[in-house]
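In case you want the letters, here they are:
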Amino acid sequence: MTQTTQTTGALHGVMAEFESADAIVVAARTVVAQGFTKVEAYSPVPIEELNDLLHKTRTKLPRFVLAAGLAGMAAGFALQYWASVIEYPMNIGGRPQASWTTFIVPSYELTILFAALTAAIGMIVFNGLPQPYHPVFNVERFALASSDKFFLVVESDDPKFDRHSTAEFLKSTGAKGVYDVEP
């Protein structure tokens, strides 16, 4: 039995409920093949195939982490160079003041520090955290997403989204129920 709830006003998207992981994977393939791009899936277990289907764009986080790591290395080297060559030069045993080999370990540590902090902060920012509220929580059946049901949401900001035709299309994918997601 397929259900549809009708509402008026703004809409976050349309949600379809599925009984199994296989059913949602097949539906996601169909939805993506139809050209929808703003699609999200919710399931009680990780489904790697869904991630590959729905999230084809890669994050920019690795580039930021690399840039921060290189900046940390440069900052570590520059700080040591400034301290031992410019601000407080000392002639110890005739060694050169700018001995880069002695600068390796602290520079390496700052590389790790800058990269790790950028990775942690970037992950939080790019994931949009903290997000204590999401519109999908407004759908009563969504409470089952953490136990045994699988949900696929086509968001309203998708270029192909139309409330009625998208709901009918999701029904045709074998959804047990189709629901409007209000913001």
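Residues numbered from 1 in each chain as written. Predicted model: local features only at pLDDT ≥ 70, side-chain atom pairs only at ≥ 80, totals over all residues. Heavy atoms only, no water.

Asks: Can you lay out the overall build of the chain for me, pointing to particular residues and giving the numbers?
Replies: A count of helical and extended segments in the chain gives five helices and four strands. The order of helices and strands in the chain, counted from the N terminus, is β-α-β-α-α-α-β-α-β. Taking 2.2 N^0.38 as the reference for a compact globule, 183 residues should give roughly 16 Å; the C-alpha atoms of the chain span a radius of gyration of 26 Å, well beyond that estimate. Projecting the C-alpha coordinates of the chain onto the three principal axes gives extents of approximately 85 × 35 × 30 Å. Expressed as a percentage of the 183 residues in the chain, the buried residues total 33%. Relative to all contacts within the chain whose residues are 6 or more apart in sequence, the contacts with residues 24 or more apart total 82%. (Helix = DSSP H or I, 4+ residues; strand = E, 2+ residues; numbered from the N terminus. Rg over C-alpha atoms; globule rule 2.2 N^0.38 Å. Buried < 20%, exposed > 50% of the residue type's maximum accessible area, 1.4 Å probe, protein only. Contact = heavy atoms within 4.5 Å.)

Asks: Can you tell me about a nonpolar patch on the surface, naming the residues and giving the values?
Replies: Taken together, the side chains of Phe77, Leu79, Tyr81, Trp82, Ile86, Trp100, Ile104 and Val105 define a hydrophobic patch exposed on the protein surface, amounting to about 840 Å² of accessible area. Mapped by element, the contributors of at least two residues to the nonpolar patch are helix H3 (61-87) and helix H4 (104-126). A total of five residues in the nonpolar patch trace back to one element, the largest contributor, which is H3. Along the chain, leucine 79 falls in helix H3. Accessibility expressed as a relative area gives 52% for leucine 79, which makes it exposed. (Patch = residues over 30% accessible without salt bridge, like charges linked within 9 Å, V, L, I, M, F, W, Y side chains within 5 Å. Areas by Shrake-Rupley, 256 points an atom, 1.4 Å probe, with all protein chains shown as cover. Salt bridge = Lys/Arg side-chain N within 4 Å of Asp/Glu carboxyl O.)

Asks: Describe the nonpolar core, with residues and values.
Replies: Within the largest apolar cluster, 25 residues are counted, with the highest numbers of intra-cluster contacts made by Phe18, Ile24, Val31, Leu50, Leu54 and Leu152. If you list the elements that add at least two residues to this core, you get strand S1 (13-18), helix H1 (21-33), strand S2 (39-42), helix H2 (48-54), strand S3 (150-155) and helix H5 (163-172). Per-element tally for this core: the top contributor is H1, with five residues. In this structure, phenylalanine 18 is in contact with Ala23, Ile24, Ala27, Lys149, Phe150, Leu152, Thr173, Gly174 and Ala175, ignoring residues within four places of it in sequence. Tyr42, Ala145, Tyr179 and Val181 belong to the second largest nonpolar core, which has ten residues in total. (Core = buried A, V, L, I, M, F, W, Y, C linked by side-chain atoms within 4.5 Å.)

Asks: Could you give an account of the layout of surface pockets, with specific residues and numbers?
Replies: Over the atoms rolls a probe the size of a water molecule, and its path tells where empty space is left. Computed from the structure, the largest pocket encloses a volume of approximately 670 Å³. Forming the walls of the largest pocket are 19 residues, and the residues nearest its centre are Glu40, Leu54, His55, Lys56 and Thr57. Of all the secondary-structure elements, those providing two or more residues to the lining of the largest pocket are S2, H2 and H4. Per element, the largest residue contribution to the lining of the largest pocket is three residues, and it comes from H2. For the lining of the largest pocket, the per-class residue count stands at eight nonpolar, six polar and five charged. The computed volume of the second largest pocket comes to approximately 240 Å³. (1 Å grid on protein atoms, 1.4 Å probe; cavity = no way out; pocket = protein on both sides within 12 Å on 5 of 7 lines; lining within 4 Å. Points joined across faces, edges and corners; volume = space filled by probe spheres on them. Nonpolar A, V, L, I, M, F, W, Y, C, P; charged D, E, K, R; others polar.)

Asks: Run through the environment of asparagine 138, naming residues and quoting values.
Replies: Among the secondary structure elements, asparagine 138 is positioned in the loop between H4 and S3. Residues asparagine 138 and valine 181 lie 43 residues apart in sequence; the distance between their C-alpha atoms is 6.7 Å. Excluding residues within four positions of it along the chain, asparagine 138 makes contact with Tyr133, Glu182 and Pro183.

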